[in-house]
Amino acid sequence: MKTAIYPGSFDPVTLGHINIIKRAAAAFDKVIVCVMVNSKKNGGLFTPEERIELLRKSIHVDNVEFDVSYGLVAEYAKKKDARVLVKGLRAVSDYEQEVQMAMVNSKLNPDLDTVFFPSSEKYTYLSSSVAKELARYHANLSEFLPREILEDVKKKLEIRSDECDGKQS
Ligand code: ADP
């Protein structure tokens, strides 16, 4: 059974992520989409559990599972008996960082390889940060986020902005 891990923040999942998940699911027997809780990126809009909930709402493919990890992805892969990490590549800027990470991960876990999927042309500009920024300005997000989660993102940003107003007053 060829298991691949697709790690990321997914805060929240975008149509760019969904595109990569579907392609990975077609290439491997099982794909575990893993929300990595990264010490560098503290906070975030959604909690790790909420991010998984949004992923579950957005994608229904038999061989795709969801999980969360607070540790190193190289260790997580060992635990899951997975030998492949899936990464999406949008631009040259992604490439440099991702190749460095791939080397670090194979040092930590020599059985682990990284497979890159080039972003679909439609989504090369798209990141969770871009989607959140546009959502704050009430832009139409139907081309960026799965329709199943549009309301959740809107609501979350409303709560956040109420909290900020509360703090200021
Ligand atoms: P971001 O916050 O930039 O969306 P994530 O950490 O959630 O990033 O991304 C997880 C993985 O998905 C990374 O390998 C990233 O390069 C990839 N990815 C993110 N957005 C896209 C996209 N629009 N197209 C292809 N790959 C993507």
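None of these values were measured; they are calculated from a predicted model. (Residues numbered from 1 in each chain as written. Predicted model: local features only at pLDDT ≥ 70, side-chain atom pairs only at ≥ 80, totals over all residues. Heavy atoms only, no water.)

(A) Structural context of unusual backbone geometry. Cis peptide bonds are those with omega within 30 degrees of zero, and the linkage from Asp11 to Pro12 qualifies with 0°. By secondary structure assignment, the location of Pro12 is in the loop between strand S1 (3-8) and helix H1 (15-27). Of note in this structure, Phe10 is not a glycine but carries a positive phi near 50°. Relative to the helices and strands, Phe10 resides in the loop between S1 and H1. Despite not being glycine, His138 shows a phi value in the positive range, around 60°. With respect to the helices and strands, the residue His138 is situated in the loop between helix H5 (128-136) and helix H6 (150-168). A relative accessible area of 69% means that His138 is categorised as exposed. (Helix = DSSP H or I, 4+ residues; strand = E, 2+ residues; numbered from the N terminus. Buried < 20%, exposed > 50% of the residue type's maximum accessible area, 1.4 Å probe, protein only.)

(B) Representation of the site of the ligand in the model. What surrounds the ligand is a group of 18 residues, the closest being Tyr6, Phe10, Gly88, Tyr123 and Leu126. In this structure, Tyr6 approaches the ligand through a side-chain N or O atom, which is 2.6 Å from an oxygen atom. The contact in question runs from an oxygen atom of the ligand to an N or O atom on the backbone of Ser128, over 3.1 Å. Surface burial for the ligand is 91%, taken as the share of its 540 Å² of free accessible area covered by protein chains. Sorting the residues of the shell around the ligand by element identifies S1, H1, strand S4 (84-89) and helix H4 (92-108) as the ones contributing at least two each. Tallied by class, residues from the shell around the ligand come to six nonpolar, eight polar and four charged. (Near = heavy atom within 4 Å. Polar contact = N/O pair within 3.5 Å; in protein donor to acceptor, adjacent residues only side chain to side chain. Areas by Shrake-Rupley, 256 points an atom, 1.4 Å probe, with all protein chains shown as cover. Nonpolar A, V, L, I, M, F, W, Y, C, P; charged D, E, K, R; others polar.)

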